[in-house]
Structure formats: structure tokens, C-alpha cells
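# An overview of the molecular structure
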Amino acid sequence: MHKNILGVIDATTHNNMMEDLILNRSMCAVPFAGRYRLIDFVLSSMVNSGIESVAILHSYENRSLMDHLGSGREWDLNRKRDGLFFFPSPRKESQSEIIGCFKQLRRNLDYFYRGDRKYTLISNCHTVCNINFKDILTRHITTNSDVTEVRHKEKSLGMFLIETSLLIDLINNQEYNGYESIVDVVIDKNQTLKISEYEYTGYAAMINSIEKYYSHSMELLNPAIWKQLFLKNNPIYTKVKDEPPTRYVNGSLVKNSMIANGCVIEGHVENSIIFRGVKIGKGTVVKNSIIMQKSQIGTNCTLESAILDKDVRVENGVILLGTNSAPFVLRKGSVQGALMNS
Amino acid sequence: MVRKKCVAMLLAGGKGSRLSSLTKTLAKPAVPFGGKYRIIDFTLSNCTNSGIDTVGVLTQYQPLLLHSYIGIGSAWDLDRRHGGVTVLPPYTESSGVKWYTGTASAIYQNMNYLSQYDPEYVLILSGDHIYKMDYNDMLEYHIKEEADVSISVIEVPWEEASRFGIMNTNKNMEVTKFEEKPLYPKNNLASMGIYIFKWSVLKEFLEMDDRNPESSHDFGKDVIPLLLEEKKKLIAYPFKGYWKDVGTVKSLWEANMDLLQEDSGLNLFDYNQRIYSVNPNQPPQYISPTANIHESLINEGCVIEGNIDHSVIFQGVHVEEGSIIKDSVIMPDAVIGKNVYIERAIIPEGIHIPDNTIIRADKDTDEIKLVTEESLLLI
């Protein structure tokens, strides 16, 4: 039954609230939870739900996304039949918050005709979750719905299940129905189609601003939360980087933190998320912060409530203080010297 | 098929009986090492990092896990259209089953594999050593010296020399005699079990060795002496760097402890010579507010709530509150209960240590405690 679903992930969405973190990448490629990119969560959920054919709608700028997904091997999507497909955006500047743009789907309608998958699941790319979509399909069928919208805490999660033939009809009749995306279908007050809501009760977090990025990252340090996200039988897959185990040097002190592989920790780390290959020098104190992959922090620094994007270099003796509502953000590849902010 | 310049043959069929219960259900090359790897990862990664893309892996003892671990070789980038990794277990032919009775017979029985690539050189490796080496440097040396066979050697302390296969050499590094574990060693150059043969010479001598009913079909014991007898040019290639035979529980433990020392010579963090392994796909490690960690290596998927001091912790290990782990190696997915004390021990894969257990070797010995399900029942 679940083999009957086509997955569509809209990786074109753009949100200005993510500012510095999406200067060089699309939202779906924003690093999260120490070793993942945002898209890993929805994509892995789809694969773990038995979906074998996934199309990625992507925008013009997609290098980091392509590099990350590759042939889809890490998700077991490098298949002879089905697997991973890429649908480029028809426009150079396709950046909006709307999910499931019909114009972009229309250009790739062959994909929907060709397969014999009865249902299509359209999802955004920036929700952190580990959902079993089989349950949603079961509900969709038993309630005889035309469209099922997944919701979480009374808000849309930006995921929609629809019969593939109906989706094709809606796209083909765009001139008459005026719908520009799947969202338009669901919010149409005069809708004759049966729209159902599915309330997802597990953990889900939509990352669409720096503030949310920060608060949902910090939430991961609560074992009750990460236990809902990282399930032994439904792992979140990601691109593998072959880092060695993390080395804790004598004198290091680490409390309540999530730490990826390949790090060298010589200083103090508290309530923080440290991505792979990060170095934290002697005498440095990192608190309530997120340090992305391969950033190097010198000795005797103090970092509080900071987000360091990847490849950032912080020289010795630097003090960076943010707050929980306004974390200090350092852009990808930047260098922070001790006297720069003084 | 397209000719290959150098094909590697990796001997991975050993039982490693001195590793005791660790090799009960898996071959020695598959034993976990260094917090994330299996022993064979080092040789396979060395091949990849040396640009050798054709590797035959000879298996025999308990091959199930090893075979599934190697798979098609993608973890080491050895899933190649032409060449790549090929697992070579013993097989039957019209005359019957031919088990690999020695290192040389294992290669002899896979001459067909080598013939299809018709290489100029054959690199023979052993899958149970921990080291990083660029085999290309050795191959260049072999070619420059116009040797028939090159044998990689490492200087060992004189007092330990009688534990190794020792190469006696003249001043040009030509091997004059091979002595297996000599009581009174005349040299301190130990064979690392790494050979480069001219393919034509290897073929000729393996056939000769096969015809000898007295032979035990071992490279060190039979083939090398035969080559010396026939006046072939054997050159010792001096290797400088970290190399360890992890044949015993003690040496396996020592090699793990070496990783915790920054100047041990084995750098896992050198990105130019990365050690690849099959990824277990687990989330980052979580270090709780009650944890204390000093001088340790910890892998992904761990949940650490206790105290870790100078230890190597593999993926998926859970150490609960109040426990102390000192100078130990905890293999994948082990669960260490509350208020456990572990010192100088190896905890094998998947074992559950109940709350309040104390594990340490007797005070006066320098032994390493290898825990088993059975030994836990006795505590």
C-alpha cells in the first residue's frame, strides 16, 4: 500500500527570517542537529515509510543540495526503477514561502503520468521530524479524503497527501481553478473537494527563522525530544563524511551537549551543539551555542548564545556574547579576531 | 580485461585464536578497533589512499560478518566498474574442496583471479595489522631496486625481536635469511607481512611450492626460504611509522590506548590519509550534565551519563550515571548500567553490564580483562 506513494519535496522555499544561514545555501541544506541538513528529516521519513520514488523541486542555486544528496545512495534511493529525481525551477529567482508550486510541477508532469503510484505526498523541506507517512495514508483512505493536510499543534506542517490523478487534474486545469499551489487548494473556502486534517502528535519543528533554528536546536539537548527524533529502527540518513571518533583531550569539560564526530575538544562545552570536525581550544568556554562543521575556535575564547556557521575561524581570546532571543551569528567561512568587535 | 599495474591480495581468513572470545563468531580482521573501525579498515583504506583499486580479499574463518561488512566495497571507494574489491572464499572444484591451508595456498588457489588482470606486480597484505602506509612508495622502491620480491620491515626493540619473523639483511638491504621467531636474533628488522612480488615470480614460486608435499604453504616459512634458495633478489623495505600486530587481547588493548596519545604516530585526524569504514548512521553523541570525560575517544550514537577516563568508546554505547570507565575499550552498542566500575578491560559488542558491577583485572597482574557473557554470570 505504502509503495503507492510518490514523494515530492519542495526545496525551493526561501525565508528571509533565516538571513545569514541561507546566504550560500537553500533552506533545505541548512545544517541541523550536529550532522544533518534540514532535508534529511523529511527525506528519511519518506524512505522509512516505504516511499521509493522521491522528486526534489529545487531552485536555481542548488550546489550544496546536489552535493549533499548526490545519487541518493545514503537514502537507498539510487535505484534502477524509481529513486531520486530532480525538478529544477523554471525561474531563476524562484523564491517564496509557498509549498508545491504548480507551475514547477507542470513542467515535470511526465513524472506523475509515468509512475503508477496512486498517491502523491507533497512536503516542505525544512521540518524536523521523524514521521511515519503510512499512518497518514491509512487515514486518508479510511476517511475517503481528496486531500489530507498534516498538522501539528493546530498549525499546518506543510505536508499534503493527494491522489496523483487528482493532482494532475488540478495542475492541468490551473487556468480555470486559479490554484498556484497545493496550499491554495487547501485554503480555498469554496472547495468542493474533501479536505481532511491529520493531527501529528509526535515531535515536529518547522525551522523558518534564526530564532526558531536556535530554539529548536537547543531543544534537542532534552533527551525526551531527541528520543522522538532519533529512532533505532527509523534512522535519519545523511551524507557520510568518514570522520574519526571525537577526541576529548585532558582538561576538557563537556556537559549537556550533542557532539558529532571528528571534533577535538580541549576546552569547556556546555548546553551546546557541536558539528563534525570542530576544534575547541584550551581555556575556551562555549555555552548555549551551535558550532557548525569544521569551525575552529582558538584558545581562551568565550562564546555564549552564538551560532557559528561552517568553516568559521575564531582567533584566540575572542568574546562573543549573544542572547537566547538574538543569538550572535557568524557567517560561513568568516574569521573573527579578538579586536574586531571592540 | 584491461591490465592492472598492481593488484592487492588481502589475507583475511585468520582465526586470531589469541583474541579469545572476541573472534568466536567473527574473523580477526572484523574485530572492532579504535572507536569506530574494524581492523581490516586500515589495510583497505591504505589501498584506496595508495591508488590501488583492485583488491582481492581472501576469507575463510567465520566469514559472514566480514563478507557483509565489505559488501561491494563502497565504504572504501572500492566499488569499481573494473577491479574494485572481490571477496575470495575457498571453493570446490572437480577434485574436491580446497581449503586455504596456508597464506601461500590461499593466493595459489586464486591465481585465476590474478590472471584476469595480468598485473605486473602483486601486493600481498595481511588484514590484521594497524598502520597507515602508502604502498606506492614501496612499489616505487621495489621497481627502483629491480627486486623480485620486496618485504616491508620495521625496526623492533632488540629484546622483542624474538617474537617476530626477522629479516637478516646485508648493507644493501638485500635479504640474506629469514628467521621465524629466532631465539638469538641477529637483526631487529621484523617482517610486517607485506610483500610486493613480480607477478611472474609469484606465479612460478607458488606453483613450485604447491608441488612440494612437505610444504606448509606459508609465505614466511616456505616461499621466502625457497626464493632465497633460488637466489632471487629479495629486498627489505624499511618502514618508519606506527605499526602494530593486534594479535592478542593485550596488544589490541594497547593499540586502542595508543590512539589516546597524541604522539603515538597513528593519526586518525589526518584528512589526507583518512581511514574509511562502514558508517553506522547514528545521531551525534549526547553528553549529559552528569558526565565527566577525560582523554578519550567517543563515537557517534553514544549516550554518556557517567565518567569516562582514558578510554575508547564505540558507537551506540550507553554509559549510565555514576559509572566509572578507566583505561578501557567499550565496543559497539554495549550498555553499561549505573554505578559500574570498569578498569583495564575490553567490553565486547552488545554486552549489557548490570548495575553495580565491578570489572578489573587482579591488582598484581598487567593483564587486560576481556569480559564475556559467561564471565559476567560469575561476578
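Residues numbered from 1 in each chain as written. Chains lettered and ligands numbered in written order. Predicted model: local features only at pLDDT ≥ 70, side-chain atom pairs only at ≥ 80, totals over all residues. Heavy atoms only, no water.

## Side note on the pattern of salt bridges
Residues and elements named next belong to chain B. Scanning all chains against the criterion turns up 27 salt bridges over all chains. As a salt-bridge pair, Lys 4 and Asp 53 come within 3.1 Å of each other at their nearest N and O atoms. Taken as a pair, Lys 4 in the segment before β1 (6–11) and Asp 53 in the loop between α1 (40–49) and β4 (54–58) lie far apart in primary sequence, 49 residues in all. One network of salt bridges, in which partners are shared, links Lys 244, Lys 250, Glu 254 and Asp 366. (Salt bridge = Lys/Arg side-chain N within 4 Å of Asp/Glu carboxyl O. Helix = DSSP H or I, 4+ residues; strand = E, 2+ residues; numbered from the N terminus.)

## Side note on the confidence of the model for chain B
Residues at a pLDDT of 70 or more form 100% of chain B, whose mean pLDDT is 95. Across the predicted assembly, pTM comes out at 0.94 and ipTM at 0.93. (pLDDT = per-residue confidence, 0-100.)

## Things to note about the packing of aromatic side chains
Taken as a whole, this structure holds 20 aromatic pairs over all chains when the rule is applied. Here the aromatic rings of Tyr 131 of chain B and Tyr 135 of chain B are separated by 6.4 Å at their centres, their planes lie at 65°, and the arrangement is edge-to-face. Just as Tyr 131 of chain B is buried, Tyr 135 of chain B falls in that class too. When the centroid spacing of 6.3 Å and the interplanar angle of 50° are considered together, the rings of Phe 164 of chain B and Trp 243 of chain B count as tilted. Separated by 79 residues along the polypeptide, Phe 164 of chain B in the loop between β10 (149–155) and β11 (165–169) and Trp 243 of chain B in strand β15 (residues 243–245) bring together distant segments of the chain. Put simply, the rings of Phe 32, Tyr 36, Phe 41, Tyr 213 and Phe 230 of chain A pair up and form one aromatic cluster. Arg 38 of chain B extends its terminal NZ or CZ atom over the ring of Tyr 69 of chain B, reaching a point 5.2 Å from the ring centre. (Phe/Tyr/Trp six-rings, centres within 6.5 Å; stacked < 30°, edge-to-face > 60°. Buried < 20%, exposed > 50% of the residue type's maximum accessible area, 1.4 Å probe, protein only. Lys NZ or Arg CZ within 6 Å of the ring centre and 35° of its normal.)

## With respect to a negative patch on the surface
All names here are of chain B. On the surface, Glu 204, Glu 207, Asp 210, Glu 229 and Glu 230 cluster together into a patch of negative charge. By residue number, the principal contributor to the negative patch is helix α6 (residues 199–211), which donates three residues. Assignment of secondary structure puts Glu 229 in helix α7 (residues 219–229). Owing to a relative accessible area of 58%, Glu 229 belongs among the exposed residues under this scheme. (Patch = residues over 30% accessible without salt bridge, like charges linked within 9 Å, V, L, I, M, F, W, Y side chains within 5 Å. Areas by Shrake-Rupley, 256 points an atom, 1.4 Å probe, with all protein chains shown as cover. Lys, Arg positive; Asp, Glu negative; His and termini not counted. Charge placed at Lys NZ, Arg CZ, Asp CG, Glu CD.)

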